[in-house]
Each structure stands twice: as structure tokens, then as C-alpha cells.
Amino acid sequence: KFFVNAIGAGDPSDPASAPIDDLLRAEADAFGDLVFLDALEEYPIGNMGRMALHWIANHTSAAYVLKLDDDMYIRPLPLLRHLARQQRAMMYWGFFERSGQVVRDQESAHYLPDVLFGHDGVFPPYARG
């Protein structure tokens, strides 16, 4: 499944709807491969990603979930071969950021106040992308 922001795309009568939204709705109707999520884009928090994972947890029994950004490329066969060699257990795999600094500059678009993340100024390890 592909997850798409529903702002405008989910409802043709929505004033935020654009011509591309008609194509997205047609794609979803024809193939059932799109899920429209009612999420405002947020960076770096990732509101869409959280909502997509919630939808997956409640609507599928997928053995694996692959989360990619729109500027990423995968080689499916090597990926599937690698996954076939892994133990069937919970796995969180990716390029891990281990020293992500919390931005404390209030002028920055990425500012995160102490009240939201008051730890030592470094995020715990997380898979990027």
C-alpha cells in the first residue's frame, strides 16, 4: 500500500482538492493500492509516518513493513534475499542516527523545546528516513 495525505485528495468537494487528487482517487478506485490519511505534514515529527504505522498495525497482518521516503530507491531482490536469511522476530532495520542533536535554537524550523524533549540534548538512536 502507498500512503497519501488526504488533505484535498480524499474528498473531491474539498476546496484544497487539486487536479492531481482526481488521479490519486482514480488510482485508489482502480487498484486499491492507496490509503488516504487525514494528516497535516509535519517535519521533523513525521505525523504521516505515525498515522501510516497505526493504520498498518490495525489493518494488516504483514510479515514486513518497509517505510521509504519518496527520494529513496531499493533493490527488491537483494532486500528479499536478505530478509529471508533473518530470524523471524521483531526487527527494526536501517541506517541509524546515534548522535542526533536536539535543536534548541528558537529561530530554527527544527526547534524542539525542553518541555517536549528535556533529555541531554541528544535523541536516542533511530533509523533515519
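Residues numbered from 1 in each chain as written. Predicted model: local features only at pLDDT ≥ 70, side-chain atom pairs only at ≥ 80, totals over all residues. Heavy atoms only, no water.

*Asks:* Can you walk me through helix α1 (residues 19-31) in this structure?
*Replies:* Along an α-helix, a turn takes 3.6 residues, which lines up residues three or four apart on a common side. Compared with the 18 Å implied by 1.5 Å per residue over 13 residues, the 19 Å span of α1 between its first and last C-alpha is a close match. Three or more residues of α1 are buried, namely D21, R25 and A28. Projected onto a plane normal to the axis of α1, the buried residues spread over an arc of 60° and lie on a single side. Structural note: α1 exposes P19, L23, A30 and F31 on the side pointing more than 90 degrees away from its buried face. Those residues of α1 hidden inside the fold are in contact with β2 (34-37). With its phi angle positive at about 65°, G32 sits one or two positions after the end of α1. (Helix = DSSP H or I, 4+ residues; strand = E, 2+ residues; numbered from the N terminus. Expected span 1.5 Å × (residues − 1). Buried < 20%, exposed > 50% of the residue type's maximum accessible area, 1.4 Å probe, protein only. Arc of directions from axis to C-beta. Contact = heavy atoms within 4.5 Å.)

*Asks:* Got a minute to help me understand the nonpolar core in this structure?
*Replies:* Inside soluble globular proteins, nonpolar side chains tend to come together where they are buried. The biggest cluster of nonpolar side chains holds seven residues, and these are V35, L37, A39, M48, A52, W55 and I56. Looking at this core, the elements with two or more residues in it are β2 and α2 (47-59). Per element, the largest residue contribution to this core is four residues, and it comes from α2. When near neighbours in sequence (up to four residues on either side) are disregarded, V35 contacts K1, F2, F3, V4 and W55. (Core = buried A, V, L, I, M, F, W, Y, C linked by side-chain atoms within 4.5 Å.)

*Asks:* How do you make sense of the environment of N5 when you look at a structure like this?
*Replies:* Within the element layout of this structure, N5 appears in strand β1 (residues 2-5). Sequence-wise, N5 and V35 are 30 residues apart; in three dimensions their C-alpha atoms are separated by 8.5 Å.

*Asks:* Quick question: what am I supposed to make of the packing of aromatic side chains here?
*Replies:* The geometry of an aromatic ring pair comes down to the distance between the two centres and the angle between the two planes. If you walk through the whole model with that rule in mind, you get one aromatic pair. Judged by centre distance (4.9 Å) and plane angle (45°), the ring pair of F117 and F123 falls under tilted. Looking at F117, the relative accessible area reads 14%, which means it is buried. Classification of F123 by relative accessible area gives partly exposed; the value is 26%. (Phe/Tyr/Trp six-rings, centres within 6.5 Å; stacked < 30°, edge-to-face > 60°.)

*Asks:* Whenever I open this one, a nonpolar patch on the surface confuses me. Can you help?
*Replies:* On the surface, a cluster of nonpolar side chains totalling about 320 Å² of accessible area is made up of Y64, M91 and W93. Its relative accessible area of 49% is what places W93 among the partly exposed residues. (Patch = residues over 30% accessible without salt bridge, like charges linked within 9 Å, V, L, I, M, F, W, Y side chains within 5 Å. Areas by Shrake-Rupley, 256 points an atom, 1.4 Å probe, with all protein chains shown as cover. Salt bridge = Lys/Arg side-chain N within 4 Å of Asp/Glu carboxyl O.)

*Asks:* Even after reading the chapter, I still don't get the pattern of salt bridges, so can you show me in this structure?
*Replies:* Opposite charge on two side chains lets them pair, provided their charged atoms get close. What the rule picks out here adds up to one salt bridge. Here R104 and D114 are joined by a salt bridge, their closest N and O atoms 3.1 Å apart. In this pair, R104 sits in the loop between β3 (96-97) and β4 (126-127) while D114 sits in the loop between β3 and β4, placing the two residues ten residues apart along the sequence. By relative accessible area, which is 52% here, D114 ends up exposed.

*Asks:* Got a minute to help me understand the side chain of E97 in this structure?
*Replies:* Inspection of the secondary structure assignment puts E97 in strand β3. Here S99 takes part through its backbone nitrogen, which lies 3.3 Å from a polar atom of the side chain of E97. Those residues in contact with E97, other than ones at most four positions away along the chain, are P124, P125, Y126 and R128. (Polar contact = N/O pair within 3.5 Å; in protein donor to acceptor, adjacent residues only side chain to side chain.)

*Asks:* What's the story with the confidence of the model for the protein chain in this structure? I'm lost.
*Replies:* A low pLDDT score tells you not to read the predicted coordinates there in detail. Per-residue pLDDT for the protein chain averages 80, and the proportion of residues at 70 or more is 84%. Per-residue pLDDT, averaged within each element of the protein chain, yields its smallest value for β1 (77) and its largest for helix α3 (residues 76-84) (90). (pLDDT = per-residue confidence, 0-100.)

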